[in-house]
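Structural characterization, general
Below are the chains, spelled out letter by letter.
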Amino acid sequence: MAADLLSPARIVAPEGWNRWLVPPAALAVHLAIGQVYAWSVFKPPLEGALGLSGTLSALPFQLGIVMLGLSAALGGTLVERRGPRWAMAVATTCFSLGFLISALGIALGQYWLVVLGYGFVGGIGLGIGYISPVSTLIKWFPDRPGMATGIAIMGFGGGALIASPWSTQMLASFGDDQSGIALTFLVHGVVYAVFMSLGVLLIRTPPPGWNPAPAVRPVARPMITTANVTARNAVRTPQFWLLWVVLCCNVTAGIGILEKAAPMITGFFATSATPVAAGAAAGFVALLSLTNMAGRFIWSSTSDLVGRKNIYRVYLGGGVLLYLGILLAGSSGIPVFVLCAMLILSFYGGGFSTIPAYLKDLFGTAQVGAIHGRLLTAWSAAGVLGPLIVNAVADAREAAGATGPDLYTTSLVIMIGLLVVGFAANELVRPVDPKFHEPEAR
């Protein structure tokens, strides 16, 4: 019965189905798994309750991002074959179970269970859930792929906008000791299981041969192919690996700030005349989530008009200038720090939501979900690199007696270098050689 409900044949939309019902299904999953961006809210309580360092408290987040990329890469072809409903069901199970295992680990004082639950099991749910609706959305919206993927992936960026204040309030109500944190994780697991199930029930795929009305068909551009490339062949092209570098550099530059957002802003201005309180730091995390979410929709939709390559020029080149602004302002400019961080996170989010459309432009729609899954290994690498750079450098500088902006100056310079590398890689992207295209009959 359950297997029949999850089969691809059961979720083909009937004639006349409104395609605008599909994005809400994707949002139900992405808003839930987007909670990962609010992990920094849990870092101080976990460090205090379990005696962890900043680097150790980042491990569940880092492993979760690694597993996101690996599960998306390894499961991408399976998701294409089994369909989005099956993928969403798997994601719901793993993501919710990850919270429950973590709750048990915290209650018992066994941090390895938190790493296993949230990082490994929950990370699998992140990866499968992240790619589950992307291919379906592109097939429903071939005329506006950037906008369509932007709507769904916007939910992933905005998940922390809900989770951050919600988690903060639960920790305040239940307490920030072991039992309070464990109960907070338990509630997360149950609530997210119910919420994500709504997406599982609502998702539909377009019927064979479906196309939008002629008035909204896509406009041909030089960088947009009309052919298809298989996932097996895509990884043999230089375009795939150039985009891998682009995504890895853009994500590393943003994820380092996002993972350490709350402690970073308090530490950056700790020695200034206007230190940042814990409540304001939590608000900063929510603000970054808002711009992360908005960037995913606004910038990705804009890419439908200006092209993917041009919009990545904005993400990467603009990021260099913004990091320079933070460096130059130092501890004297809280508004500059906040504004630059917001824009960096909007570019970070836009990079995620634009990449599926970039892949569709270069490789076609036939296996774009599987190709996207493989490309997300760049996210896995960035999920380790970004937090590792920011946390390890900050820990080392703190041990050396540094305070304020000096804790993060080296990290910011490294991020600027990575963005320059990503910008160069994007400039090298060209249309895929026809020898990699599939024959028309296929």
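The paragraphs below set out a description of the structure included in this document. (Residues numbered from 1 in each chain as written. Predicted model: local features only at pLDDT ≥ 70, side-chain atom pairs only at ≥ 80, totals over all residues. Heavy atoms only, no water.)

With respect to the overall build of the protein
- For the protein, the count of helices and strands is 19 helices and 0 strands.
- Rg of the C-alpha trace for the protein: 21 Å, near the compact-globule value of 22 Å for 442 residues, within the 12% margin.
- Along the three orthogonal principal directions, the C-alpha set of the protein runs to about 65 × 50 × 35 Å.
- In the protein, buried positions account for 58% of the 442 residues.
- Sequence-distant contacts, at least 24 apart, represent 86% of the contacts inside the protein between residues at least 6 apart. (Helix = DSSP H or I, 4+ residues; strand = E, 2+ residues; numbered from the N terminus. Rg over C-alpha atoms; globule rule 2.2 N^0.38 Å. Buried < 20%, exposed > 50% of the residue type's maximum accessible area, 1.4 Å probe, protein only. Contact = heavy atoms within 4.5 Å.)

Structural notes on the packing of aromatic side chains
- Evaluation of the coordinates by the stated rule reveals 25 aromatic pairs.
- Aromatic pair Trp39 and Phe42: ring centres 5.7 Å apart, planes at 65 degrees, arrangement edge-to-face.
- Residue classification places Phe42 among the buried residues on the basis of a relative accessible area of 0%. (Phe/Tyr/Trp six-rings, centres within 6.5 Å; stacked < 30°, edge-to-face > 60°.)

Some points on the pattern of salt bridges
- In total, this model carries 7 salt bridges according to the counting rule given.
- Here Lys139 makes a salt bridge to Glu80, at a shortest N to O gap of 3.6 Å. Taken as a pair, Lys139 in helix α8 (residues 134-140) and Glu80 in helix α5 (residues 59-82) lie far apart in primary sequence, 59 residues in all.
- For Lys139, a relative accessible area of 34% corresponds to the partly exposed category. (Salt bridge = Lys/Arg side-chain N within 4 Å of Asp/Glu carboxyl O.)

Side note on α5
- Along α5, the sharpest kink reaches roughly 55 degrees, centred on Gly75.
- Looking at the residues trailing α5, positive phi occurs at Gly83, about 95 degrees. (Bend = angle between axes of the 7 residues up to and from the residue.)

Digging into the environment of Ile255
- Here Ile255 is to be found in helix α12 (residues 238-259).
- Residues Ile255 and Arg313 lie 58 residues apart in sequence; the distance between their C-alpha atoms is 19 Å.

Things to note about empty space enclosed by the protein
- Taken as a whole, this structure holds 1 cavity of 30 Å³ or more when the rule is applied.
- Taken together, Asn250, Ala253, Gly254, Tyr315, Gly319, Ile344, Phe347, Tyr348 and Leu419 make up the lining of the largest cavity.
- Of the residues belonging to the lining of the largest cavity, the class tally is 6 nonpolar, 3 polar and no charged. (1 Å grid on protein atoms, 1.4 Å probe; cavity = no way out; pocket = protein on both sides within 12 Å on 5 of 7 lines; lining within 4 Å. Points joined across faces, edges and corners; volume = space filled by probe spheres on them. Nonpolar A, V, L, I, M, F, W, Y, C, P; charged D, E, K, R; others polar.)

Structural notes on the environment of Ile181
- Here Ile181 lies in helix α10 (residues 178-202).
- For Ile181, a relative accessible area of 0% gives the class buried.
- Along the backbone, Ile181 and Met170 are 11 residues apart, and their C-alpha atoms lie at a distance of 8.5 Å.
- Among all residues touching Ile181, those that are not within four sequence positions of it are Pro45, Leu46, Ala49, Ile106, Leu171, Gly175 and Asp176.

Brief notes about the side chain of Ser164
- Within the secondary structure, Ser164 is located in helix α9 (residues 145-174).
- Residue class for Ser164 comes out buried when judged on its relative accessible area of 1%.

Looking at the environment of Asp406
- Within the secondary structure layout, Asp406 lies in the loop between α18 (377-399) and α19 (409-427).
- What makes Asp406 partly exposed here is its relative accessible area of 43%.
- The spatial distance from the C-alpha of Asp406 to the C-alpha of Leu327 is 9.8 Å, given a sequence separation of 79 residues.

With respect to α19
- An ideal rise of 1.5 Å per residue puts 27 Å on 19 residues; α19 measures up with 28 Å between its terminal C-alpha atoms.
- Turning to α19, its buried residues are Ser411, Leu412, Met415, Ile416, Leu419, Gly422, Ala425 and Asn426. (Expected span 1.5 Å × (residues − 1).)

Focus on the side chain of Ser71
- Following the sequence through the fold, Ser71 ends up in helix α5.
- Judged by its relative accessible area of 9%, Ser71 falls in the buried class.
- A polar side-chain atom of Ser71 sits 2.6 Å from the main-chain carbonyl oxygen of Met67.
- At 3.2 Å, the side chain of Ser71 and the backbone oxygen of Leu68 are in polar contact.
- Excluding anything up to four places from it in sequence, Ser71 contacts Gly76, Gly123, Ile124, Gly127 and Ile128. (Polar contact = N/O pair within 3.5 Å; in protein donor to acceptor, adjacent residues only side chain to side chain.)

Digging into the packing of helix α16 (residues 334-363) against helix α17 (residues 368-375)
- Closest axis-to-axis distance for the α16/α17 pair is 10 Å, and the angle between their directions is 125 degrees. As judged from the angle between their axes, α16 and α17 are oblique. Seen along the crossing, α16 lies across α17 with a hand that is right-handed. On α17, the residues that touch Ile355, Pro356, Leu359, Lys360 and Phe363 of α16 are Val368, Ile371, His372 and Leu375. (Axes fitted to C-alpha atoms, helices over the stretch in contact; angles between N-to-C directions. Parallel < 35°, antiparallel > 145°, perpendicular 65-115°, else oblique. Left-handed = near helix turned anticlockwise from the far one by under 90°.)

A look at a nonpolar patch on the surface
- Residues Leu97, Leu100, Phe174, Leu183, Leu186 and Val190 make up a contiguous nonpolar surface patch of about 450 Å² in total accessible area.
- Among the secondary structure elements, those contributing two or more residues to the nonpolar patch are α6 (84-108) and α10.
- Per-element tally for the nonpolar patch: the top contributor is α10, with 3 residues.
- Here Leu97 shows up in helix α6.
- Its relative accessible area of 39% is what places Leu97 among the partly exposed residues. (Patch = residues over 30% accessible without salt bridge, like charges linked within 9 Å, V, L, I, M, F, W, Y side chains within 5 Å. Areas by Shrake-Rupley, 256 points an atom, 1.4 Å probe, with all protein chains shown as cover.)

A short note on the packing of α5 against α17
- Two elements in contact, α5 and α17, have axes separated by 7 Å at closest approach and are oriented at 170 degrees. It follows from the interaxial angle that α5 and α17 lie roughly antiparallel. Note on element contacts: α17 touches α5 through Val368, Gly369, Ala370, Gly373 and Arg374, opposite Gly69, Ala72, Ala73, Gly76, Thr77 and Glu80.
- For the contact of α5 with α17, the class distribution of residues is 4 nonpolar, 5 polar and 2 charged.

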